[in-house]
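Descriptive analysis of the structure
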Amino acid sequence: MRSTSARMLRSLGISLLLVVTVGCGLGTGGNQASQSAPPLQSPSPSAEPSPSQAPPASPSSPSEINPSGNVDINDIISQMTLEQKVGQMLLAGIEGKKIDSSMKKMIAEQHVGGIILYKNNFSDLAGSVRLVNELKQANNGNPAPLFISVDQEGGKVSRLPKEFEAIPNADKVGRTGDPELANEMGVLLSKELNLMGFNINFAPVLDINSNPKNPVIGSRSFGKDADLVSKMGIAVMKGLQEGGTIPVVKHFPGHGDTSVDSHLDLPIVNKSTKQLESLEWVPFRAAIENGTDAVMVAHILFPLIDPDAPASFSKIIIDEQLRGTLGFEGVVITDDMTMGAIADHYGIEEAAVKSVQAGSDILLIAHGYNTEKKVYDKLLQSVRSGQLSESRIDDSVRRILSLKRKYGLSDELVSTPAADELPNEEIRQWLSRLK
């Protein structure tokens with residue numbers, strides 16, 4: 001059954017059935033390892049839907065069991081194993097275009113809360129939908145549906161199969177100065193993602209393109225003016241939300257004035273908090289005031305603010321500034337912890353623990369099954385040793401599960417859309433208005 005905003009907003013309920021036997025691969029740590037939590041979802045159908053036919057409805061879908069989703073999130077968390085809770089805090093990348101044993105093991109045994117797909121994970125439309133469905137099926141038995149995520153910004157950061165009409169970069173949309181066009185951009189992006197089975201988009205970019213030597217932002221930004229970036233970025237954010245897709249605004253506290261690509265090395269920006277407040281923070285403050293659900297934090301060192309840690313594991317920047325000064329109460333996600341900015345300067349596992357201590361909820365581990373497993377094991381070890389408290393883990397899981405409930409997430413399968421179901425004609429009409 002194809003995802004639509006109406007279905008997504010009503011589908012998430014909490015099953016009242018408590019599974020008391022441990023499924024394959026469930027961990028044994030914690031006091032409640034002999035039972036699994038009452039799920040936020042019902043099991044996915046076991047059969048792959050045909051390209052022309054939607055999958056059959058589950059006889060015990062969440063909307064049928066408990067349409068109001070009124071089981072308290074804290075009750076669910078209290079019945080989750082530590083392994084399941086730590087898994088919810090990991091959003092992992094995969095390798096290849098087809099599901100394999102490594103992907104299944106990561107979902108079944110490390111209970112990862114989400115998956116991110118990159119360009120090299122996509123084949124044609126049918127093959128890509130099949131991969132998404134198989135990932136969802138592999139999550140059967142875990143206590144919450146997967147975040148199925150992607151970077152679909154438009155322009156050079158576009159991941160979806162070639163069957164979709166190309167959407168241009170943020171700069172082109174920003175030059176119109178028209179928030180209505182930006183809102184439509186978000187709606188169209190959400191339509192594409194819904195058809196593919198995705199529920200979270202790492203967009204829009206709220207960085208201000210203030211440094212002409214910036215090697216990584218450039219045309220991904222809506223412009224050089226803070227107010228323009230705020231106006232256009234929030235319009236895209238709201239368009240995604242209206243379509244039922246979770247937007248993740250990025251890259252806090254601002255990547256626009258860097259001269260180093262954090263994929264390759266650690267950028268250093270010598271700006272004070274006061275300087276950031278007057279420029280870089282402006283779009284993020286506006287997004288928070290307008291109800292953003294999730295914020296991605298960048299791998300940038302701001303030595304005048306915190307000389308000891310980049311933003312992605314700085315307690316000053318995440319806890320004191322983002323959560324404290326700006327009042328953000330939603331989900332904090334790191335940029336990819338395997339990027340050169342972290343991998344070449346800090347131990348990824350140690351950085352992951354520090355990031356959780358600083359206030360991050362989800363760690364993005366985009367590359368390497370072994371790396372994801374090491375981070376998972378390190379977090380478990382850190383809780384068991386007392387370096388991290390389980391109550392701190394619970395805080396993040398509470399925010400994560402609340403977000404999944406808010407958007408009605410489920411592991412419901414999607415059928416491969418027919419050509420006439422793609423929003424390509426709508427995109428072409430929208431493109432004609434950009435000129």
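Summarised in this report is the structure supplied together with it. The structure presented is a predicted model; accordingly, all values stated were derived computationally and were not measured. (Residues numbered from 1 in each chain as written. Predicted model: local features only at pLDDT ≥ 70, side-chain atom pairs only at ≥ 80, totals over all residues. Heavy atoms only, no water.)

Some remarks on the overall build of the chain
Using the following cut-off: Helix and strand definitions here come from DSSP, where helices need a minimum of 4 consecutive H or I residues and strands a minimum of 2 consecutive E residues; each element is numbered from the N-terminal end. Residue contacts follow a heavy-atom distance rule, with two residues in contact if any of their heavy atoms lie within 4.5 Å. Here, Shrake-Rupley sampling with a 1.4 Å probe gives the accessible areas, and only protein chains in the shown set may cover a residue.
Along the chain, the regular secondary structure elements total 17 helices and eight strands. If you take every contact in the chain between residues at least 6 apart in sequence, the share linking residues at least 24 apart comes to 81%. A total accessible area of about 16,100 Å² is found for the chain, and carbon and sulfur atoms account for 50% of it.

Some words on the side chain of Glu372
How we decide: Buried, partly exposed and exposed residues are distinguished by accessible area as a fraction of the type maximum, computed with a 1.4 Å probe on protein chains only: under 20%, between the cut-offs, and over 50%, respectively. In this count, Lys and Arg are taken as positive residues and Asp and Glu as negative ones, while His and the chain termini are left out. The term salt bridge refers to a side-chain nitrogen of Lys or Arg lying within 4 Å of a carboxyl oxygen of Asp or Glu.
When you line up the elements, Glu372 lands in helix H15 (residues 369-385). Put simply, Glu372 is tucked away with no salt bridge, and the nearest opposite charge, on Lys373, sits 7.7 Å away. Once residues lying within four places of it in the same chain are set aside, the contact partners of Glu372 are Leu90, Ala92, Met106, Gln110, Val112 and Ile365.

Examining helix H16 (residues 390-406)
Stated formally: Expected span, for any helix, means 1.5 Å times one less than how many residues it has.
For H16, which comprises 17 residues, the first-to-last C-alpha distance of 24 Å matches the rise-based estimate of 24 Å (1.5 Å per residue) to within 8%. Buried within H16 we find Arg392, Ile393, Asp394, Ser396, Val397, Ile400, Leu401, Leu403 and Lys404. One or two steps after H16, the chain reaches Gly408, where phi turns positive at roughly 65 degrees.

Let's talk about the nonpolar core
Keep this limit in mind: Remark: nonpolar core denotes a set of buried residues (Ala, Val, Leu, Ile, Met, Phe, Trp, Tyr, Cys) joined through side-chain atoms within 4.5 Å.
Among the nonpolar cores identified, the biggest contains 77 residues, and Ile94, Ile115, Leu117, Leu135, Phe147, Phe198 and Leu379 are the most heavily contacted of them. Ignoring anything within four residues of it in the chain, the contact list for Phe198 reads Leu117, Phe122, Val132, Ile148, Ser149, Val150, Leu160 and Leu193. By size, the runner-up hydrophobic cluster in this structure holds 26 residues, among which are Trp281, Phe284, Ile300 and Leu326.

Some points on the packing of helix H9 (residues 226-242) against helix H11 (residues 281-289)
This is how it is decided: Axes, fitted as lines to C-alpha atoms, cover a helix only where it is in contact. Angles between the N-to-C directions of the axes lie from 0 to 180 degrees. Each crossing gets its handedness from the near helix: less than a right angle anticlockwise from the far helix is left-handed, clockwise is right-handed. When residue character is reported, Ala, Val, Leu, Ile, Met, Phe, Trp, Tyr, Cys and Pro are called nonpolar, Asp, Glu, Lys and Arg charged, and the others, Gly included, polar.
It is at 8 Å that the axes of H9 and H11 come closest, and there the two elements cross at 35 degrees. In terms of crossing hand, the pair formed by H9 and H11 is right-handed. Judged by residue contacts, Ala226, Asp227, Val229, Ser230, Ile234 and Met237 of H9 engage Val282, Pro283, Ala286 and Ala287 from H11. Broken down by class, the residue content of the contact of H9 with H11 amounts to eight nonpolar, one polar and one charged.

Details of the packing of aromatic side chains
Applied cut-off: Ring geometry is summarised as follows: Phe, Tyr and Trp rings, the Trp one being its six-membered ring, pair when their centres sit within 6.5 Å, and such pairs are stacked at plane angles under 30 degrees, edge-to-face over 60 and tilted between the two. Each ring is checked for a lysine NZ or an arginine CZ that lies within 6 Å of its centre and within 35 degrees of its normal; such an atom marks a charge sitting over the ring.
What the rule picks out here adds up to four aromatic pairs. On the numbers, 5.4 Å between centres and 85 degrees between planes, the contact of Phe252 with Phe284 is edge-to-face. Remark: Phe284 occurs in helix H11 and Phe252 occurs in strand E5 (residues 246-252); sequence separation between them is 32 residues. For the pair Phe252 and Phe284, one class covers both residues: buried. Ring centres of Phe313 and Tyr346 lie 5.0 Å apart, and the angle between their planes is 85 degrees; on these two criteria the pair is classed as edge-to-face. With a gap of 33 residues between them, Phe313 in the loop between strand E6 (294-297) and helix H12 (315-325) and Tyr346 in the loop between helix H13 (340-343) and helix H14 (348-358) connect regions that are remote in the sequence. Among the aromatic residues, ring-to-ring pairing joins Phe252, Trp281 and Phe284 into one connected group. Its guanidinium or amino end placed over the ring of Phe147, Lys404 lies 4.6 Å from that ring's centre, counting from NZ or CZ.

Regarding helix H17 (residues 424-434)
Note the threshold: The arc under discussion is defined with respect to the helix axis, by the directions toward the C-beta atoms.
Every buried residue of H17 is accounted for by Asn424, Ile427, Trp430, Leu431 and Leu434. Each buried residue of H17 sits inside an arc of 120 degrees when the element is viewed along its axis, so together they form one side.

So, the pairing of strand E2 (residues 114-117)
Going by this rule: Only strands that DSSP links by at least two bridges are regarded as paired with each other.
In E2, alternate side chains face the same way, and those of Gly114 and Ile116 on one face and Ile115 and Leu117 on the other are all buried. The pairing of strand E1 (residues 90-93) with E2 spans three bridges and is parallel. Bridge pairing in E2 links Gly93 to Ile116. Inspection of the sheet shows E2 paired to strand E3 (residues 147-150) by four bridges, in the parallel sense.

Looking at the sheet that holds E5
The sheet built from eight strands is open, its strands ordered E7-E6-E5-E4-E3-E2-E1-E8 with parallel pairing. In this open sheet, the two strands that pair with only one neighbour each are strand E7 (331-334) and strand E8 (363-365). Packing against the sheet, H15 makes contact with E1 and E8, and its axis sits at approximately 165 degrees to E1.

What about the side chain of Ser314?
The condition that has to hold: Here a polar contact is recorded for every N or O atom pair within 3.5 Å, except that within protein the pair must consist of a potential hydrogen donor and a potential acceptor, and residues adjacent in sequence are included only if both atoms are side-chain atoms.
Inspection of the secondary structure puts Ser314 in the loop between E6 and H12. For Ser314, a relative accessible area of 0% translates into the label buried. At 2.7 Å, the side chain of Ser314 and the side chain of Asp306 are in polar contact.

Focus: the packing of helix H8 (residues 179-196) against H17
Packed helix pairs are characterised by how far apart their axes lie and by the angle those axes make with each other. We apply this condition: Just so you know how the angles are binned, under 35 degrees is roughly parallel, over 145 roughly antiparallel, 65 to 115 roughly perpendicular, and the rest oblique.
With their axes 11 Å apart at the nearest point, H8 and H17 run at an angle of 160 degrees to one another. Taken together, H8 and H17 sit at an angle that is classed as roughly antiparallel. Viewed along their axes, H8 and H17 form a crossing whose handedness is left-handed. Along the contact surface, H8 presents Glu180, Leu181, Glu184, Met185, Leu188, Lys191 and Glu192, while H17 presents Glu426, Ile427, Trp430, Arg433 and Leu434. Classifying every residue of the contact of H8 with H17 by side-chain character gives six nonpolar, no polar and six charged.

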